[in-house]
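# Analysis of the macromolecular model
Next come the chains, spelled out residue by residue.
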Amino acid sequence: MDPGEHQVRWTHPARKAVEQAVMVREGDRGRRISARLEPLVAAPAAKGAAPASEERPVPLATWVLAGAGVAGVGAFGVLGGIGLSREGDLDARGCAPNCPSEDVDSVRTTFLIGDIALGVGVAALAGATLFYLTRPAVPSSAAWRPPVRFGLGWQHGPTATLGGAL
């Protein structure tokens, strides 16, 4: 670029264009110039008109943590049931309090793993709730839409829909 004053125009489809005068001196290299592009201002809304719509999309982390939470709580239920069944088998044998230590350890380990799964499940559900409640609002036009959508519903019986565009 030749030395001297130059006009730089910054544009973006969803922002106001900005023009800026930049003085280029001989020997200038790697100089950064920047501009702040303001959003386009919509026409003032008529009285009683609905405000610009915003969406609060659910983050992917919410779904992942919710799934992990449900799996953890479910594993607790299954392992608790298995532990109770094994404990009942030991009681039915009538060996208490002198049951073989490996059998007692197996029951305790099953309960311990179930308790850990419950802790992980509750923590994951708490995280999912936190992500859900703190999700940011974005303008409807800026909300990400998945290319493929899946829906469940009820229309003269259970229905499933799959749609979208690539």
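Just above, that's the structure.
Residues numbered from 1 in each chain as written. Predicted model: local features only at pLDDT ≥ 70, side-chain atom pairs only at ≥ 80, totals over all residues. Heavy atoms only, no water.

Right, let's get into helix α1 (residues 60-93). Under the 1.5 Å per step criterion, the end-to-end length of α1 is 50 Å for 34 residues, consistent within 8% with the ideal 50 Å. All of the buried residues in α1 are T62, G69, G72, G80, G83 and L90. Packed against the buried residues of α1 are α2 (101-133). Residue G94 follows α1 closely and has a positive phi angle near 70°. (Helix = DSSP H or I, 4+ residues; strand = E, 2+ residues; numbered from the N terminus. Expected span 1.5 Å × (residues − 1). Buried < 20%, exposed > 50% of the residue type's maximum accessible area, 1.4 Å probe, protein only. Contact = heavy atoms within 4.5 Å.)

Further remarks concern the pattern of salt bridges. Summed over the entire model, instances satisfying the criterion amount to two salt bridges. R9 serves as the salt-bridge partner of E19, at 3.1 Å between the closest nitrogen and oxygen. In this pair, E19 is assigned in strand β2 (residues 15-24) and R9 in strand β1 (residues 4-12), connecting sequence segments 10 residues apart. Considered together, E19 and R9 belong to a single accessibility category, that of exposed residues. A salt bridge links R93 to D103; its shortest N-O distance comes to 2.9 Å. Residue R93 is located in helix α1, and its partner D103 is located in helix α2; the two are separated by 10 residues in the primary sequence. (Salt bridge = Lys/Arg side-chain N within 4 Å of Asp/Glu carboxyl O.)

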